[in-house]
Amino acid sequence: MGESVFLKACRGEEVEYTPVWLMRQAGRYMEEYRSIRRRYDFLTMCKSPEIAAEVTLQPVEKLGVDAAIIFADILLPLEGMGIDLEFAKNEGPVIHNPVRTRADVERLRVIDPEEEVPFVMEALRMVRKELEGRIPLIGFSGAPFTLASYMVEGGHSRNFVLTKSLMYNEPSTWHLLMEKISEVVVRYLNAQIDAGAEAVQLFDSWVGCLSPSDYREYVLPHVKGIMEGIGGKVPVIHFATNSSTLLELMAEAGGDVIGVDWRIDIGEAWKRIGYEKAIQGNLDPVVLFARQEVIERAVKAILDSVGNRPGHIFNLGHGILPKTPVENVVALVDMVHRLSRR
Ligand code: CP3
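Since we're looking at a predicted model, the values are computed, not measured.

Trainee: I'm lost on a positive patch on the surface in this one. Help?
Mentor: Together, Arg24, Arg28, Arg37, Lys89 and Lys323 make up a positively charged patch on the protein surface. Tracing the sequence through the fold places Lys323 in the loop between strand 9 (312-316) and helix 17 (326-340). Among the residues examined, Lys323 registers a relative accessible area of 74% and is labelled exposed.

Trainee: Explain the pattern of salt bridges to me, please; I cannot follow it from the model alone.
Mentor: A side chain with one charge can pair with a side chain of the opposite charge if their charged atoms come near. Evaluation of the coordinates by the stated rule reveals 18 salt bridges. Glu31 serves as the salt-bridge partner of Arg38, at 2.9 Å between the closest nitrogen and oxygen. The exposure class of Arg38 is exposed, given its relative accessible area of 60%. Between Arg128 and Glu198 there is a salt bridge, and its shortest N-O distance comes to 3.7 Å. Of this pair, Arg128 sits in helix 8 (residues 118-131) while Glu198 sits in the loop between helix 11 (171-194) and strand 5 (199-204), and the two are 70 residues apart along the sequence. The exposure class of Glu198 is buried, given its relative accessible area of 10%. One network of salt bridges, with partners in common, ties together Glu296, Lys300, Asp334 and Arg338.

Trainee: Which parts of the structure should I look at to understand the pairing of strand 3 (residues 92-95)?
Mentor: When a strand is regular, its side chains alternate between the sheet's two faces. Relative to strand 3, strand 2 (residues 85-88) is paired through four bridges, and the arrangement is antiparallel. Counted as the bridge partner of Leu85 is Ile95 from strand 3. Counted along the chain from strand 2 to the antiparallel partner strand 3, the turn is three residues long, and its residue Asn90 has a positive phi close to 55 degrees.

Quick notes on the rules
Residues numbered from 1 in each chain as written. Predicted model: local features only at pLDDT ≥ 70, side-chain atom pairs only at ≥ 80, totals over all residues. Heavy atoms only, no water. Patch = residues over 30% accessible without salt bridge, like charges linked within 9 Å, V, L, I, M, F, W, Y side chains within 5 Å. Areas by Shrake-Rupley, 256 points an atom, 1.4 Å probe, with all protein chains shown as cover. Salt bridge = Lys/Arg side-chain N within 4 Å of Asp/Glu carboxyl O. Lys, Arg positive; Asp, Glu negative; His and termini not counted. Charge placed at Lys NZ, Arg CZ, Asp CG, Glu CD. Helix = DSSP H or I, 4+ residues; strand = E, 2+ residues; numbered from the N terminus. Buried < 20%, exposed > 50% of the residue type's maximum accessible area, 1.4 Å probe, protein only. Pairing = 2+ DSSP bridges.

What follows is the structure in structure tokens.
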């Protein structure tokens, strides 16, 4: 298993072709997913290890990707902390009891993941068994800022006014919230590693809304603590969007691989991050709606910008979108393999 192209690339080692997997590679763009989704709601799917395992493997069979990512959601561990979570139709996640005050933060429970989200670990064990070492399995967690933003706003947000207000007006409450979430994230990722995750990705999807100095003050120490809590047991991918202004700080916070979105040229991003770290990215997910010759040009541009330097994992710059034509996704994986072969 140490021989997989994906894990080698995470460590910056030479590979015979560039490994590729796709964020949200399991999902609604696949008919195989939709046919299960018609029978179960999303949270039920996440909480049923057999279903989660099956859905995790769908893109592995269909696309020929170089890594599997466990089917779950970043918000799952919040329920045990005391958050009342719902995935409303066409609305995304809704939290009915948002965290707004010191007392709300103090009430949050620091969970034992084996007690509160055992289904994720069970699904990981099942997928590892089914994969039989063919490709590695990635576990994941939300990063503390992104999780805090859902908890405070009560759902997705455009300007993060409530989150930032708490941060600016009550920094000690903010740091307590970040500490509690970070402790849960460390326990959760370590439990996933114990259950068989061979790499983990930290999704800080919305942290790009912060200025560099706010990132340094309100986020960086907590992310650094999480990296220390994982302690190098497996490679960690540290991902954010809208993060072109934060790359150096994200690298300082830690991670073996930095995940970047399409708003920056990947070669330039890597230079700023430093070549001692690997890089993941960064095709615009909307390019997958274009004709295949356009997709191929975009793939070439990314590979050219990276220039065969070892330590690149090809991915999208954010999750695959629900209406993406599946044949283009199949073609993309093939293009990356073909065009990058050394
Ligand atoms: O990558 C994978 O294939 C693994 C599965 C995965 C899901 N969510 C499944 C999912 C992963 C890695 C996530 C992470 C996640 N969840 C993030 C971070 C990544 C990102 O996109 O920035 C965030 C912010 C969430 C929270 C979340 N979950 C939102 C905002 C939504 C609604 C938006 C949407 O796409 O519908 C979800 C729902 C969700 N998570 C779905 C899936 C497959 C769609 C549920 C459905 O079938 O209706």
